[in-house]
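# Summary of structural features
Listed below are the residues making up each chain.
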Amino acid sequence: MKHLMLLLFLLTAQVCIFPFEFGFSYDRILSHDSERLYFGHGYPPLDGNMEVEKSGYSIYLEIPYEVNDNYSTGLGIIYQLPRSTREDWSIALGYYSFIPVFASNVISIPCKDVSISLLCNAGYNFFVGNDIYKDGSELKGSYYLALGTGLQHKNAILKLMYEDNNGYVRTGDYCYLVNNKQVKISLGYRF
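Counting of residues starts from 1 at the beginning of each chain's written sequence and follows it residue by residue. Local features in a predicted model are, by the rule used here, given only for residues with pLDDT of at least 70; side-chain atom pairs are given and counted only at 80 or more, and totals for whole chains, interfaces and linings are based on all residues. The basis for every side-chain value is the complete set of heavy atoms in the structure, and neither hydrogens nor water enter the calculation.

Helix and strand content of the chain: two helices and 10 strands. Only protein chains enter the accessibility calculation, which uses a 1.4 Å probe. A residue is then buried if its area is under 20% of the maximum for its type, exposed if over 50%, and partly exposed in between. Residue burial in the chain is summarised as follows: out of 191 residues, 42% are buried. The contacts of the chain with a sequence gap of at least 6 include a subset with a gap of at least 24, amounting to 64%. Helix numbering and strand numbering both begin at the N terminus, where a helix is a DSSP run of H or I of at least 4 residues and a strand a DSSP run of E of at least 2. The contact rule is simple, with two residues in contact once any of their heavy atoms fall within 4.5 Å.

A word on a nonpolar patch on the surface. The patches described consist of residues with a relative accessible area above 30% and no salt bridge, like charges being joined within 9 Å and nonpolar side chains (Val, Leu, Ile, Met, Phe, Trp, Tyr) within 5 Å. Computed by Shrake-Rupley with a 1.4 Å probe, the accessible areas treat only the displayed protein chains as cover when residues are assessed. Only one rule defines a salt bridge in this text: a Lys or Arg side-chain nitrogen within 4 Å of an Asp or Glu carboxyl oxygen. A surface patch of nonpolar side chains, amounting to about 930 Å² of accessible area, comprises Y26, Y57, L81, I109, V114, I116, L151, L158, L160, I185 and L187. Those elements that provide at least two residues to the nonpolar patch are β7 (114-129), β9 (156-171) and β10 (174-190). Along the chain, L81 turns up in the loop between β4 (71-80) and β5 (83-88). For L81, a relative accessible area of 34% translates into the label partly exposed.

Here the focus is the pairing of strand β8 (residues 138-153). Strand pairing is assigned whenever DSSP detects at least two bridges linking the two strands. For β7 and β8, the ladder comprises 11 bridges, and the chain directions are antiparallel. Bridging across to β8, G123 finds its partner in Y144. Here β8 pairs with β9 via 14 bridges, running antiparallel. Opposite L151, over in β9, you have L158 as the bridge partner. Here β8 hands over to β9 after two residues, with K154 in that stretch at a positive phi of 55°.

In structure tokens:
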């Protein structure tokens, strides 16, 4: 909840200072894998594909800087609403979320009333989870990458992105890389 409040604060602070883009996304989760990086003693392995919800939602804020008519760069943040992991579909085990902070690069091709864009985002993920998801472990963020395409008509923006969210889980002598891959469709508005 505190992350959502921070995002709303940033949104309201940007209204008077910079042009910005705000939007909502539907995320289709392709995989939520973990890979053991260090072998220690006393804990069972966590390797494999975790059972997670197959879809989720996000909100995003991006502050673009237009270099010229065909290229813009900027900074952004995405808040993924918490997603659940499950042992079976009747018992929720825990909730996790990635919060990417990123630099964006957009190459635009104007076509009459619509602009077609190629998008690339790169940055850092904050990796958070509730106590059930963490189960005594420590969560750490890692890199974030996204590639996609977009359409812009006036100030309305539609994006289709492939995202790669990463983080680490540290449990005793074990360290796991958690990799969350998803496809997202976003609808935004540039103010």
